Amino acid sequence: MKIVVLLKMVPDVVEELEIGADGKSLNTEYLRMITNEPDNHALEEALLLKEKHSGTVTVVALDAPEVDDALFTALAKGADQAFKITDGDGMLGTCAGAYRLVQTLFTIPGLLPADLILTGAQAIDDLDGLTAPLISHMLRLPELGIVTRVDVNTANATAKVVREFPGGVRGEYEVKLPAVLGIQAAEKPPRYVPVAKVRAAMKSQVIQSVPAPQGDGGFRSSPVVEMTKPKVAGHAQMLEGPAEKIADQFCEILATHGLL
Amino acid sequence: MPDPVSLPILGLPGYFHLWALTLVSFFVFGNRVVRHVRVLAQARPENRWDHLGQRIGLVVKNVLGQRRMLDEPLIGAAHLIIFWAFVAYASTFFWNLLRGLIPALAIPYPDDVRWVAFVVQALGVLGVIALAVAAVRRYMFTPTSLERSRDATLILILIAVVLVSALAGAGFKAMATGGEHSWQPVGKFVAAIFVGVGVPRWLAPALFLWAWWIHMITVLGFLAYLPYSKHLHLLASPFGVFFASLEPNKMPAPSEGASRLQDFTWRELFSGFACAECGRCDRTCPSFSSGEPLSPKQLIHHVKELVLAGVENPAGGNGKKFLGDVVRPEDVWACTTCGSCMERCPVFNEHIPLLIEMRRKLVSEGDVQTRLQEAFTNLSRYGNSFGQSERKRAAWTQSLDFKLKDARKEPVQWLWYVGEYACYHPSLLEITRSLARTLRTAGVDYGILYEAERNSGNDVRRVGEEGLFELLRQKNVATLEKAQFKNLFTTDPHVYNTLKNEYPNLNHGQHVVSHYTELLAWLLADGQLQVKHKLPYRVTYHDPCYLGRYNGVYDPPRAVLKALGVDLNEMPRSHGQSFCCGAGGGRIWMEEIGGAKTRPSEIRVREAASLDGVQYLVVACPKDYVMFQDALKTTGLEGKLFIKDIAELAEEAIAA
Amino acid sequence: MAQEIWVLAEQWKGQISDITYELLALGDELATALGVNLQAVLLGKQVKQLAQSLGKASSVLCMEHDALEAPVPEVFAQALAPVVRARNPQLVLIPLTNVTLELGSLLAAKLDAPYVNSCKNARLVDGKLRTRSVVYGGKLEVLVNPPQPLAILGILPGARPAEQGRGEKAPAVEEVRVDSLEIPAIRLHGYIEPEAGDIDISKQDVLVSVGRGLQNKDNLALAEELAAALGGAVCGSRPVIDQGWLPLSRQVGKSGVVVKPKLYLAAGISGAPEHVEGMKNSDLIFAINTDPQAPIFNVAHYGATADVMDLLPALTEAARNRKEAKSHA
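Note that the structure is predicted; figures quoted are calculated from it, not measured.

Caption draft 1: Looking closely at the interface of chain A and chain B. At the interface, 17 residues of chain A touch 20 residues of chain B. Around 1,600 Å² of area is buried between chain A and chain B when both sides are counted, 45% of it from carbon and sulfur atoms. We note a salt bridge from arginine 381 of chain B to glutamate 66 of chain A, for which the minimum N-O separation is 3.3 Å. Scanning the region where chain A abuts chain B turns up 10 residue pairs in polar contact (both at pLDDT 80 or more). Secondary structure elements with two or more residues in the side of chain A that touches chain B: strand E3 (33–35) and helix H5 (195–204) of chain A. Sorting elements by how many residues they give to the side of chain A that touches chain B places H5 of chain A first, with 4 residues. Tallied by class, residues from the side of chain A that touches chain B come to 9 nonpolar, no polar and 8 charged.

Structure below.
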């Protein structure tokens with residue numbers, strides 16, 4: 001089985017996000033980037049499938065701060081190859097990013113056609129699109145998102161795929177391969193790989209750099225007017241004091257609402 | 001008196017039989033022991049032949065002196081006696097054997113030599129009494145984790161037979177030879193009893209022979225049986241002590257971890273043989289005492305069985321994985337690395353290195369529970385297990401009305417390595433600030449590393465993530481090298497332990513690491529800190545594992561408390577016997593073990609609360625504070641007992 | 001012909017979901033401001049009768065086909081694209097739920113039109129369309145001017161109250177023939193319902209909801225006691241369901257159940273957008289979290305920065321005492 005995993009780095013929201021001087025983008029001074037969490041799940045799902053069906057897992061990502069760490073970690077976890085798309089400009093929108101990823105996939109020898117292309121179902125910086133459907137459109141492949149389980153039948157090149165719906169309901173689909181899947185959660189939590197293994201990967205393995213293709217695929221993006229902190233409609237009225245006092249106030253409130 | 005080996009038995013002279021029995025016994029014994037050694041040779045090598053002088057000293061104190069056994073005084077004394085009785089009887093046995101095998105040798109039997117007979121008989125009597133004490137303890141007042149196994153019973157009976165047969169023999173000899181051996185009071189006494197119960201004098205020589213042969217055959221049998229029973233420890237434990245770790249708190253050498261026999265070092269495996277299954281480790285283990293699945297004794301037992309499996313079946317295994325099936329991962333993760341087991345073990349077994357080797361293996365395979373994984377990821381990324389931005393490391397200083405010096409930018413006398421709990425945990429921030437104010441009042445020139453301070457890695461190591469430890473240590477060492485300071489102190493005993501023992505030379509070759517209680521003690525002794533009013537509280541003090549047991553710092557916190565004027569009452573388990581709060585070994589980053597009866601922290605606060613009139617349980621470690629505060633809630637002791645950090649008390653006492 | 005504003009109706013399990021009405025309300029505002037028609041679009045199999053409730057729109061385009069019975073976003077995109085091309089609306093509003101997540105992006109790619117994701121609002125500023133999107137997990141918002149002629153917006157739940165999107169009159173319904181769809185490479189096999197035999201949290205008046213701040217599965221008992229004392233049930237955010245503390249049927253949020261109880265008590269929940277989506281319309285929201293910056297406090301009516309281990313038992317006791325006092329009175 002040939003599986004491609006697309007990773008992207010997104011702003012780490014553990015840090016305070018500051019708005020840059022232009023009022024439209026992020027201040028990058030203290031900004032840290034972290035792997036998009038659903039992409040981690042996509043990688044995990046790919047590795048689980050590789051363990052079951054043997055084959056290769058290739059990871060591709062756009063260059064961004066801390067992407068090397070993410071790619072070496074992927075290699076240490078068991079990915080076979082890692083590619084980094086370099087010479088791009090700053091922080092790209094999802095559409096431009098997807099275009100670059102697809103164009104790069106074509107240039108990597110022996111990579112396409114792959115049986116499965118996995119990426120996270122969504123990301124916190126998806127403003128002008130979602131990666132999975134964009135990739136599928138450009139590659140003319142079927143796509144399904146919010147996936148939590150993939151069972152591949154290599155014999156007839158199909159996969160049983162589970163998607164999450166509201167209310168805890170899940171849908172079971174049959175998907176003809178090759179296909180693009182947007183993974184929400186892998187069947188198991190993403191595995192841990194010890195630091196020693198990542199460092200070993202840094203010494204013994206290589207991230208191959210691929211230059212960014214020209215053009216942006218002609219995607220129409222919408223100009224950003226402003227980036228702001230959210231206006232909070234309101235804030236809770238905070239109850240103070242020891243637990244007993246808060247509990248009494250709470251009961252008073254419930255009583256006035258006819259709940260007690 | 002007839003010579004026991006000259007007489008004909010079944011047509012052959014006695015010594016023929018003796019030779020036959022001896023050869024069989026020695027062969028069985030030797031063959032089995034050699035097979036044990038061969039299996040151990042398959043394990044990883046480890047050099048334990050260094051510092052011979054120190055090692056001999058250990059043997060003298062702990063084998064000849066049985067020092068650790070005496071921590072349980074009654075059985076300790078009894079065991080000491082049994083040990084020396086055993087030494088005496090083993091010596092006379094070999095003497096008897098030598099003389100018996102080679103009748104032409106012109107040496108007397110040992111019981112014909114005055115002072116030997118006296119010593120041996122005296123020890124025999126004492127030994128019998130000691131055996132009785134041991135038997136009563138084992139069968140009527142059975143301590144936790146002491147099994148009443150068939151093996152144990154058999155051994156007690158065998159030793160009893162050995163002693164009784166020798167004493168009876170002495171009695172028969174005395175009967176037969178009349179008043180000759182008046183310097184054998186025991187022999188005479190026993191003879192008198194025999195006469196009293198009507199044993200005819202003419203039978204005495206024959207009975208003596210019977211006693212002699214029963215004695216020799218029992219010992220030869222015991223010798224052959226020894227390497228098949230738990231009493232292999234008799235042979236193994238002196239070696240265990242000799243090959244003990246001279247630095248018991250040191251981490252095992254870097255390794256890939258262990259899950260099979262060949263992955264462990266021979267010394268780690270040897271613990272299985274030296275173990276006498278006394279159960280001291282279990283009784284002192286915080287995890288076991290809480291009803292959690294970990295039993296240090298069982299662990300050593302499993303190791304013994306692992307090696308024995310290799311001895312009995314050198315060809316193949318039984319398909320069961322040692323780490324996984326026999327020792328379950330939850331057992332391995334349950335350890336707090338408090339060090340109590342290793343401190344108590346009379347044969348110097350190494351429980352913690354075994355667990356750490358197995359943890360390393362689990363980590364290398366990624367078999368790590370989610371919460372712990374998150375802690376690792378956070379530590380690696382943000383330098384703290386809370387997952388908080390490293391930029392917020394010094395946020396606790398913001399509400400102080402003075403600015404702390406930045407040791408990265410300007411030289412300071414004292415570098416304060418604060419530690420992640422003291423920096424990030426909401427319950428602890430005020431205590432950290434308290435110390436900051438106190439030190440300022442004392443005029444101490446100190447600074448912190450602000451955002452550059454990362455987790456020191458002590459607990460990361462104990463959880464088996466060596467790679468992460470090295471990453472953290474590398475970054476910290478780089479930071480410390482650039483900072484300018486003369487001395488270094490920390491709030492957290494875990495940080496203290498690793499900076500002191502596991503980091504390379506700091507502060508330019510001086511490498512002095514202090515705990516804040518040591519610093520406070522100096523300041524109080526010097527007069528730089530003045531107690532304005534003594535605190536009228538009745539308190540007890542909990543020795544943190546990594547400050548006390550690991551590093552021997554018991555007095556400075558007590559000196560501080562004395563200077564503050566509090567009335568200090570020690571808990572039953574204090575100093576090296578201090579009972580762990582349960583946070584160490586990375587347990588504070590793990591899920592609670594479901595189904596446990598209680599928690600170590602709950603056991604400890606109850607112990608503190610049992611002291612009459614004690615209001616405060618005083619701590620000197622941020623994790624202790626957090627664990628005990630939670631335990632007060634879950635035990636319902638809130639309002640009856642309070643937790644105080646030494647820093648808080650110090651600030652109170654120096655306030656005008 | 002003036003370019004219309006379209007709203008894609010979402011039907012789930014044979015019902016028009018609430019978010020459709022929210023979008024109709026928003027669409028109606030924009031259509032009125034621009035002086036154009038509001039058109040609803042309904043896809044499915046045998047769904048014509050559902051069109052009647054979409055009366056806020058002046059008309060409904062009803063597209064029925066066997067292949068549209070199951071929710072497969074790319075089949076929907078395939079069916080919609082030519083119709084959009086032919087009819088030329090200026091704006092298409094698409095609901096963002098688990099049913100339709102990828103649809104907006106797919107459709108926009110097919111039509112070569114800009115797409116704006118995660119919109120919580122859209123309005124006209126100086127005659128031009130401006131949208132407000134939520135990004136970075138709700139930490140920041142981005143205002144965007146989607147270029148015309150055609151823009152596609154993915155709208156989050158809660159942009160407008162659903163009541164505002166219900167119309168009294170029946171709309172004109174136009175049946176549109178769906179051109180032959182390719183045999184889809186994706187086929188719905190069936191649905192997996194969450195375990196039955198459990199209570200339906202969406203029907204409870206009182207919910208005590210737990211999150212990771214509870215630390216430990218053992219502490220669940222504290223929440224259960226409080227729920228019992230208040231006559232309600234326990235539910236939770238996604239992380240506690242993922243960890244197995246509660247079954248899937250108790251999950252509140254985007255992938256779980258949307259609840260609107262009289263009282264929603266959030267204990268140890270940080271307030272991530274996916275969770276808030278599932279409970280923000282509750283009548284009374286009380287949040288407990290040790291972090292005063294937790295976003296849950298922005299949506300709660302009352303809050304306390306206390307330790308759940310302290311406060312839950314205290315609340316339970318106070319509630320029990322009240323009830324006892326009342327029953328004795």
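Caption draft 2: Quick look at the pattern of salt bridges. All chains considered together, the criterion is met by 75 salt bridges over all chains. For arginine 381 of chain B, the salt bridge goes to aspartate 12 of chain A, with nearest N and O atoms at 2.7 Å. With arginine 381 of chain B in helix H16 (residues 370–382) and aspartate 12 of chain A in the loop between strand E2 (9–11) and E3, this pair bridges two chains. Judged by its relative accessible area of 3%, aspartate 12 of chain A falls in the buried class. Arginine 454 of chain B is the salt-bridge partner of glutamate 390 of chain B, the closest N and O atoms lying 2.8 Å from each other. In this pair, glutamate 390 of chain B is assigned in the loop between H16 and strand E3 (405–406) and arginine 454 of chain B in the loop between strand E5 (446–448) and helix H19 (458–462), connecting sequence segments 64 residues apart. Its relative accessible area of 18% is what places glutamate 390 of chain B among the buried residues.

Caption draft 3: Just the sheet that holds strand E12 (residues 186–192) of chain C, in detail. Read across the open sheet, the 10 strands follow the order E11(A)-E5(A)-E4(A)-E1(A)-E6(A)-E10(A)-E7(A)-E8(A)-E9(A)-E12(C); overall the sheet is mixed. A strand with exactly one partner marks an edge of an open sheet, and here the two such strands are strand E11 (207–211) of chain A together with E12 of chain C. Sheet twist, expressed as the mean angle between neighbouring strand axes with direction ignored, is 30°. Running at roughly 150° to strand E6 (residues 116–120) of chain A, helix H1 (residues 37–53) of chain A makes contact with strand E1 (2–7), strand E4 (56–62), E6, strand E7 (143–153) and strand E10 (179–183) of chain A of the sheet. Strands E1, E4, strand E5 (81–86) and E11 of chain A of the sheet are contacted by helix H2 (residues 67–77) of chain A, whose axis makes an angle of about 165° with E5 of chain A.

Caption draft 4: Structural context of the packing of helix H3 (residues 73–101) of chain B against helix H4 (residues 114–140) of chain B. All names here are of chain B. Two numbers describe how H3 lies on H4: the axes approach to 8 Å, and their chain directions differ by 140°. In terms of axis orientation, H3 runs oblique to H4. Here H3 runs over H4; the crossing is left-handed. Contact residues: H3 offers Leu74, Ile75, Ala78, Ile81, Ile82, Trp84, Ala85, Ala88, Tyr89, Thr92 and Trp95, while H4 offers Val116, Val120, Gln121, Leu123, Gly124, Leu126, Gly127, Ala130, Leu131, Val133, Ala134 and Arg137. Along the lines of polarity and charge, the residues of the contact of H3 with H4 split into 18 nonpolar, 4 polar and 1 charged.

Caption draft 5: Fine view of empty space enclosed by the protein. All names here are of chain B. By the definition in use, this model includes 10 cavities of 30 Å³ or more. In this model, the largest cavity occupies a volume close to 260 Å³. Taken together, 19 residues line the largest cavity, and the ones lying closest to its centre are Tyr89, Asn96, Asp111, Val120 and Ala166. Looking at the lining of the largest cavity, the elements with two or more residues in it are H3, H4, helix H5 (150–177) and helix H7 (204–225). With 5 residues, the single largest contributor to the lining of the largest cavity is H5. Residues that form the lining of the largest cavity fall into these classes: 11 nonpolar, 7 polar and 1 charged. In this structure, the second largest cavity occupies an estimated 110 Å³ of space. Forming the walls of the second largest cavity are 17 residues, and the residues nearest its centre are Glu420, Asn455, Asp492, Val495 and Lys623. For the lining of the second largest cavity, the residue count by class is 5 nonpolar, 5 polar and 7 charged.

Caption draft 6: The arrangement of the sheet that holds strand E13 (residues 206–210) of chain C in detail. If you walk across this open sheet you meet the 6 strands as E13(A)-E17(C)-E16(C)-E15(C)-E13(C)-E14(C), and the pairing is parallel. If you trace the sheet from one side to the other, it starts and ends with strand E13 (237–238) of chain A together with strand E14 (233–236) of chain C, each paired once. Pairing of E13 of chain A with strand E17 (residues 302–304) of chain C, which is carried by 2 bridges, proceeds in the parallel orientation. Across the sheet, residue methionine 238 of chain A finds its bridge partner in E17 of chain C, namely glycine 303 of chain C. Taken strand by strand, helix H4 (residues 220–230) of chain C contacts E13, E14 and strand E15 (263–267) of chain C, and its axis lies near 170° from that of E13 of chain C.

Caption draft 7: The side chain of threonine 20 of chain C, seen in detail. Within the element layout of this structure, threonine 20 of chain C appears in helix H1 (residues 18–34). Once residues within four sequence positions are removed from consideration, threonine 20 of chain C is found in contact with Val7, Ala9, Glu10 and Leu54 of chain C.

Quick notes on the rules
Residues numbered from 1 in each chain as written. Chains lettered and ligands numbered in written order. Predicted model: local features only at pLDDT ≥ 70, side-chain atom pairs only at ≥ 80, totals over all residues. Heavy atoms only, no water. Contact = heavy atoms within 4.5 Å. Buried area = accessible area lost by both parts, 1.4 Å probe. Salt bridge = Lys/Arg side-chain N within 4 Å of Asp/Glu carboxyl O. Polar contact = N/O pair within 3.5 Å; in protein donor to acceptor, adjacent residues only side chain to side chain. Helix = DSSP H or I, 4+ residues; strand = E, 2+ residues; numbered from the N terminus. Nonpolar A, V, L, I, M, F, W, Y, C, P; charged D, E, K, R; others polar. Buried < 20%, exposed > 50% of the residue type's maximum accessible area, 1.4 Å probe, protein only. Pairing = 2+ DSSP bridges. Axes fitted to C-alpha atoms, helices over the stretch in contact; angles between N-to-C directions. Parallel < 35°, antiparallel > 145°, perpendicular 65-115°, else oblique. Left-handed = near helix turned anticlockwise from the far one by under 90°. 1 Å grid on protein atoms, 1.4 Å probe; cavity = no way out; pocket = protein on both sides within 12 Å on 5 of 7 lines; lining within 4 Å. Points joined across faces, edges and corners; volume = space filled by probe spheres on them.

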